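Chain by chain, the residues:
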Amino acid sequence: MSVDTAVSLDASDLSAGPALTIAAAVRGGEVSARAIVEATLARIAQADPLLTAFTHVASERARARADALDAARAKGEALGPLAGVPFAVKNLFDLAGVVTVAGSKINRDHAPAGRDAALVERLEAAGAICVGALNMGEYAYDFTGENAHDGDSRNPHDLAHMSGGSSGGSGAAVGGKLVPLSLGSDTNGSIRVPSSFSGIFGLKPTYGRLSRARTFPFVASFDHLGPFARNVADLASAYDAMLGHDPDDEAMPDIPARPTLPELARGADGLRVAVLGGWFARQGLPQAFAAVARAAEVLGAVDTVELPEVERARASAFIISMAEGSSLHIDRLRERGPDFDPAVRERLLAGAALPAHWIAKAQKFRRWFHARALELFAQYDVLIAPATPVPAPLSGQKTFVLDGKEMLVRPNIGIYTQPISFIGLPVAAAPIPGDDPLPIAVQLIAAPWREDIALRAAAALEASGIAYAPEPALC
């Protein structure tokens, strides 16, 4: 089919659909990559003033990339598995020619990046098209999606509510159907929280699985990068495209990649699934626990198990995050203190004052806690837990009530995600919409390097009909 015939297809509807549907249409000549890009840019221009998801729209880059793909197809060249699929990245990923602001005011004085981040290069090698950079919490120290410099990214299901952070723009852009795929980072929950609040699927891979090369760090020993999508197949396809060792990230062991897309059809067959109780069954609203119960029923989980000392794990995660974060930013704190978001500055300054022996104890406990988790995975393949204790709070909301206690919102959104990031386990976040108009998600936690198992469990929930990305209010 000619390109002229191809562009007669409704690119606007197609571009708002699944990534793999877009890629199949572009590869088959049913639509041009340029038409997909133009429809995506038009949707961003219309909806982003409401969502505040983007901080940079790379329109000319995207058009040039689309034209190159269309020219390659016209020559009969084979296109990649994500051909023509638009995606966007949290603005801590380097994009050549763009300043990597990492949600801050200070970084805006930096020179533009000279090269794309490794994961951007890998997605584009698979045929995807980067259309821009996305809003985030300052220096990724955030759970809410609020930003003092660029404005707050908004929840696509109710603009008065948070999108979740720190990958708030990444969640809002996919939840709001501006792009089918996005990339974010997760240090203490920053992929899983936006997945829960914005009602989409997210994957936090095992620590060290995907390259962090040419991204701005937060806590080097916790930082993970991963994708967001509106369905599991798209999520797996993006993840698979980014697999592979990268010597530019010293945290990556050189171990074989394990593609996940071919495994999704197996669903939960043969998987041993349990529900995490104890800490993970307290301090949440009924919606969080109802989502877990529904997931457990579909996955055949009859056992409830506990990780010991979870509260101590969360406290240790806070200590290490504060210490490493303050160490990274200490010169900026001295020289440009007033240019930080005051809330971020206070947390970083507190980290600089932590006693060294606290940090040493936290690291020692981390090894012990990791060993206890591996003992559970000798018995089970998947552990189910809430992703967040509540659906998305109102933007600007400072406190909420959990278990009858008034608690601060910002530090306590991550009560269920931090203990898992602390030991680097792979987690798929699956949205389980219920009676509440705002979505909420569960965590599907697997053993190290078994992203395939976490995604199989997510695919089983999706196939059952209980896990899905609801239509945004902006649609």
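Residues numbered from 1 in each chain as written. Predicted model: local features only at pLDDT ≥ 70, side-chain atom pairs only at ≥ 80, totals over all residues. Heavy atoms only, no water.

**Re the confidence of the model for the protein chain**
Phase 1 of the analysis: Residues with a pLDDT of 70 or more make up 98% of the protein chain, whose mean pLDDT is 96.
Phase 2 of the analysis: For residues 1–8, every residue scores under 50 in pLDDT, and the model assigns this stretch 14 contacts once sequence neighbours within four places are set aside. (pLDDT = per-residue confidence, 0-100. Contact = heavy atoms within 4.5 Å.)

**Considerations on the pattern of salt bridges**
Phase 1 of the analysis: Using the criterion set out here, one finds 25 salt bridges in the structure.
Phase 2 of the analysis: The residue Arg34 makes a salt bridge to Glu38 at a minimum N-O spacing of 2.8 Å. On the criterion of helical spacing, the pair formed by Arg34 and Glu38 is a turn pair, its members being four residues apart in helix H4 (residues 33–51).
Phase 3 of the analysis: Here Arg108 makes a salt bridge to Asp150, at a shortest N to O gap of 2.7 Å. Taken together, the positions of Arg108 in the loop between strand E2 (86–90) and helix H6 (118–125) and Asp150 in the loop between strand E3 (129–134) and strand E4 (154–155) put the pair 42 residues apart, joining distant regions of the chain.
Phase 4 of the analysis: By relative accessible area, which is 34% here, Arg108 ends up partly exposed. (Salt bridge = Lys/Arg side-chain N within 4 Å of Asp/Glu carboxyl O. Helix = DSSP H or I, 4+ residues; strand = E, 2+ residues; numbered from the N terminus. Buried < 20%, exposed > 50% of the residue type's maximum accessible area, 1.4 Å probe, protein only.)

**Quick notes on the pairing of strand E6 (residues 181–186)**
Phase 1 of the analysis: Among the six residues of E6, six are classified as buried, and the element is accordingly described as predominantly covered.
Phase 2 of the analysis: Judged by which residues are buried, E6 turns out to be covered on both faces: Leu181, Leu183 and Ser185 on one side and Ser182, Gly184 and Asp186 on the other are all buried.
Phase 3 of the analysis: Bridge analysis of E2 against E6 gives three bridges, and the strand direction is parallel. Bridged to Phe87 within E6 is Leu181. (Pairing = 2+ DSSP bridges.)

**Looking at helix H16 (residues 451–464)**
Phase 1 of the analysis: Between its first and last C-alpha atoms H16 spans 20 Å; for 14 residues at 1.5 Å apiece the expected length is 20 Å, and the two agree.
Phase 2 of the analysis: A large share of H16 lies buried, amounting to 11 of its 14 residues.
Phase 3 of the analysis: Glu451, Asp452, Ile453, Ala454, Leu455, Arg456, Ala457, Ala458, Ala459, Ala460 and Leu461 are the residues of H16 that are buried.
Phase 4 of the analysis: If you follow the buried residues of H16, they end up packed against strand E7 (201–204), helix H9 (232–242), helix H10 (286–299), strand E11 (382–386), strand E14 (427–431) and strand E15 (441–445). (Expected span 1.5 Å × (residues − 1).)

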